[in-house]
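The residues making up each chain are set out below.
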Amino acid sequence: GCNSRAETAYFPLEQAGFSSDSTDQLKKMKIADAEIPQIAKLKQFGFSDDTCLSLVKESHAHAHVFTSADSAGNLVKAGYSESDILAMAHKDELDAISTEAITLTLIGLSQATVQNLVARHVAGQPTLSSAEISRLKNTGLSEKQILERIDQGMTDQQAEKEVATREAVRNHANTGFVRAHSRR
């Protein structure tokens, strides 16, 4: 009929390795044509059929089409599990958190620390921005010290003040006048 989509439109999903049952479930969700390549890309990143279906359901539950395959794929490459990614999608923050998580990884933080920070963000707990974490790290603070400050509720403004203080101390270290003594 007029309301059915040609089977060839779903062919990329079958090529990507989706089971016929999963493809049928996607048909029932009435996915948009633009979602098909995104969903196929998820499968190429190694996601299970169930996770792919759940990610699409979460997008639809938040009243938008699924366009976050690259974000999900980047998170997998950064070491996140499918359940972590689903939790981010459930909060409708997959794209935003993906960028933050990748940035934290690039800063050089350990996987455990990055996952801790992302978990705080997903749970709605306060945390520092990746920019301030990077600046604190560049002033010589260890991951443990940064996490302690985050656990104590440090804000970006407080971090900025600490960075400025630490940089000033570092920049003026060993610049004091020392009198040279000469032999007579």
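Keep in mind the model is a prediction, meaning the values are calculated, not measured. (Residues numbered from 1 in each chain as written. Predicted model: local features only at pLDDT ≥ 70, side-chain atom pairs only at ≥ 80, totals over all residues. Heavy atoms only, no water.)

Q: For this particular structure, what's the right way to read the overall build of the protein chain?
A: Looking only at helices and strands, one finds 11 helices and zero strands in the protein chain. For 184 residues, the compact-globule estimate of 2.2 N^0.38 gives 16 Å, and the protein chain exceeds it by more than 25% at 24 Å. Seen through its C-alpha atoms, the protein chain measures out along the principal axes to roughly 105 × 30 × 25 Å. Once local pairs closer than 6 in sequence are excluded, the contacts in the protein chain between residues at least 24 apart make up 69%. Carbon together with sulfur atoms contributes 51% to the accessible area of the protein chain, which is approximately 10,900 Å² in total. Computing the positive centroid from 20 side-chain charges and the negative centroid from 24, the protein chain places the two 13 Å apart. (Helix = DSSP H or I, 4+ residues; strand = E, 2+ residues; numbered from the N terminus. Rg over C-alpha atoms; globule rule 2.2 N^0.38 Å. Contact = heavy atoms within 4.5 Å. Areas by Shrake-Rupley, 256 points an atom, 1.4 Å probe, with all protein chains shown as cover. Lys, Arg positive; Asp, Glu negative; His and termini not counted. Charge placed at Lys NZ, Arg CZ, Asp CG, Glu CD.)

Q: What is the right way to look at the nonpolar core in this model?
A: Within soluble globular proteins, side chains that are nonpolar tend to cluster in buried spots. Counting residues in each nonpolar core, the largest one holds 44 residues, and the members touching the most others are L13, L26, I31 and Y80. In terms of residues, this core owes the most to one element, helix α7 (residues 94–107), which gives five residues. (Core = buried A, V, L, I, M, F, W, Y, C linked by side-chain atoms within 4.5 Å. Buried < 20%, exposed > 50% of the residue type's maximum accessible area, 1.4 Å probe, protein only.)

Q: Any chance you could explain the environment of A131 here in plain terms?
A: Here A131 shows up in helix α9 (residues 130–138). For A131, a relative accessible area of 46% corresponds to the partly exposed category. The sequence separation of A131 and E160 amounts to 29 residues, and the corresponding C-alpha distance is 10.0 Å.

Q: In this structure, what is going on with the side chain of E35? I would like to understand it.
A: Structurally, the position occupied by E35 is in helix α3 (residues 35–44). Reaching out from E35, the side chain makes a polar contact with the backbone nitrogen of A32 at a distance of 2.6 Å. (Polar contact = N/O pair within 3.5 Å; in protein donor to acceptor, adjacent residues only side chain to side chain.)

Q: Help me out: how do you make sense of the environment of Q125 in this one?
A: With respect to the element layout, Q125 can be found in the loop between α8 (111–122) and α9. Measuring from C-alpha to C-alpha, the distance between Q125 and G153 comes to 9.2 Å, with 28 residues separating the pair along the chain.

Q: Whenever I open this one, the environment of S71 confuses me. Can you help?
A: Position of S71 relative to the elements: it lies in helix α5 (residues 69–77). Spatially, the C-alpha atom of S71 lies 6.8 Å from that of L94, the residues being 23 residues apart in sequence. Not counting residues within four places of it along the chain, the set of residues in contact with S71 comprises L94, D95 and S98.

Q: So what exactly am I meant to see when it comes to the pattern of salt bridges here?
A: Should the charged atoms of two oppositely charged side chains come close, the side chains can pair. For the structure shown, the criterion picks out seven salt bridges. Notably, a salt bridge pairs R120 with D151, separated by 3.2 Å at the nearest N-O pair. Taken together, the residues span a long stretch of sequence, with R120 in helix α8 and D151 in helix α10 (residues 143–151) at a distance of 31 residues. Looking at D151, the relative accessible area reads 53%, which means it is exposed. The closest approach of N and O atoms between R135 and E167, which form a salt bridge, is 3.7 Å. With R135 in helix α9 and E167 in helix α11 (residues 156–171), the pair connects residues that are 32 residues apart, well separated along the chain. On the accessibility criterion, E167 (25% relative accessible area) is partly exposed. (Salt bridge = Lys/Arg side-chain N within 4 Å of Asp/Glu carboxyl O.)

Q: Just to check I follow, could you spell out unusual backbone geometry for this structure?
A: Excluding glycine, a negative phi dihedral is what most residues carry, and trans is how most peptide bonds are arranged. At K30, a position not held by glycine, the phi torsion is positive, near 55°. Among the residues examined, K30 registers a relative accessible area of 70% and is labelled exposed. One non-glycine residue, A63, lies in the positive phi region at around 65°. Inspection of the secondary structure puts A63 in the loop between α4 (49–61) and α5. Under the relative-accessibility criterion, A63 is labelled exposed at 72%.

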